[in-house]
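# Structure at a glance
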Amino acid sequence: MSISVTVLAGGVGGARLAHGFALALPDGGAPSGGGGLTCVVNVGDDTERHGLHVSPDLDTVMYTLAGLNDEERGWGLTGESYTTLAQLERLGEDTWFTLGDKDLATHVVRTARLRDGQPLSAATGSLAASLGVRARLLPVTDDRVRTRVSTPSGTLDFQEYFVRRQHADAVLDLTYEGIGTSGPAPGVLDAVGGTDLLVVAPSNPFLSVEPVLTVPGVRDAVRASRARRVAVSPIVGGRALKGPAAQILETLGHEVSALGVARLYTDVVDVMVIDTADAALTAPIEDLGFEVLVTDTVMGGPDGRARLARELLAAVGPRT
Ligand code: FO1
């Protein structure tokens, strides 16, 4: 039987779980007979650097699925060099956003294809195929959406907040510029509505998942989907595995726990997957109407990712 899995993903957490499914499904998650893996990825982090279009979350998922990601940092390519960045600095460019030589090639090609009139989804598909990715990689939208972060120091561009200021500012509000007039990229609604298993990755609920769900049509498609819908909590033992998810939950007035995350997903998910460290939250999460799966959600390397993906496939679905 061919199983279809769609993962709604941001950067590192989404990439790792998507990699697990690529390892667990036949042929690296390549589409076949209605089955396979589709990753629907946030583009709110996208930015323009040195005249180039950079799509950090798409690239993190793409490089991870291709086995090329820098595992220590979580983003960028392994074995990078920074000759071009040093020269850009010499020429007076701001270089706080670290772009390696090989990574720059991705942005050069993407930008060229966008300027030739290709939509981001087509440019992404051909980049991913060139790097040997078998699964389908889709930006949630081909339109321009930019996450803007409201802080006590003013409203910041996302990468200004995240990289330049090391996500140290308190987040008072988040907006996704352009999202109201955006539309889902080709294939997104079918991937969400027609899949057997829909997975909300352990990505940041506000920085990664919300700008995917808020693209007009996507949340409704998730709500109406015939899939088994599951979310993996990015908060384990009251802390985020990576990044500022805990601080953001707190400053936006939510409980910093898997229960706080579950409350955000009551309308889009049937099953909450929480870590064994949070087993005590099972009953309150069930009280919200979820099924709860308690397991080791800290994925680590490829074996841990594949194990979690197999557990989700076995325990959660698909709906029969
Ligand atoms: N994250 C950083 O913390 N510092 C960087 O210099 C940096 C550069 C960078 C370059 C290309 C790329 O695809 C991602 C990059 N990231 C960097 C990660 C990026 O900021 C992501 O948006 C976040 O990890 C959130 O998902």
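Our structure is the block above this text.
Residues numbered from 1 in each chain as written. Predicted model: local features only at pLDDT ≥ 70, side-chain atom pairs only at ≥ 80, totals over all residues. Heavy atoms only, no water.

One open sheet holds the 3 strands; their spatial order is S7-S6-S8, and the pairing between them is antiparallel. If you trace the sheet from one side to the other, it starts and ends with strand S7 (154-157) and strand S8 (173-177), each paired once. The average angle at which neighbouring strand axes cross in this sheet is 30°, direction not considered. Across the sheet, helix H8 (residues 205-213) lies against strand S6 (146-151) and S8, angled at about 40° from S8, the strand it touches most. (Pairing = 2+ DSSP bridges. Helix = DSSP H or I, 4+ residues; strand = E, 2+ residues; numbered from the N terminus. Axes fitted to C-alpha atoms, helices over the stretch in contact; angles between N-to-C directions. Contact = heavy atoms within 4.5 Å.)

Contacts to the ligand come from 13 residues, most closely from Asp45, Asp57, Trp75, Thr98 and Gln159. At a separation of 3.3 Å, a nitrogen atom of the ligand approaches a polar side-chain atom of Trp75. A distance of 2.8 Å separates an oxygen atom of the ligand from a polar atom in the side chain of Thr98. Protein chains shield 89% of the accessible area of the ligand, which is 530 Å² for the free molecule. Under a 2 Å grid-point criterion requiring more than half of the atoms, the pocket assigned to the ligand is the largest pocket. (Near = heavy atom within 4 Å. Polar contact = N/O pair within 3.5 Å; in protein donor to acceptor, adjacent residues only side chain to side chain. Areas by Shrake-Rupley, 256 points an atom, 1.4 Å probe, with all protein chains shown as cover. 1 Å grid on protein atoms, 1.4 Å probe; cavity = no way out; pocket = protein on both sides within 12 Å on 5 of 7 lines; lining within 4 Å. Sits in = over half its atoms within 2 Å of the grid points.)

As a further point, take the layout of surface pockets. Of the voids in this model, the largest pocket is the one considered here, and its volume is about 990 Å³. Taken together, 41 residues line the largest pocket, and the ones lying closest to its centre are Gly11, Val12, Trp75, Phe162 and Lys242. The leading source of residues in the lining of the largest pocket is helix H2 (residues 56-65), at 5 residues. A class-by-class count of the residues in the lining of the largest pocket yields 20 nonpolar, 15 polar and 6 charged. Inspection of the lining of the largest pocket shows a minimum of three residues originating in each of domain 1 (4-144 + 180-315) and domain 2 (146-179). Counted as a void, the second largest pocket has a volume near 190 Å³. (Points joined across faces, edges and corners; volume = space filled by probe spheres on them. Nonpolar A, V, L, I, M, F, W, Y, C, P; charged D, E, K, R; others polar. Domains from an automatic or database assignment.)

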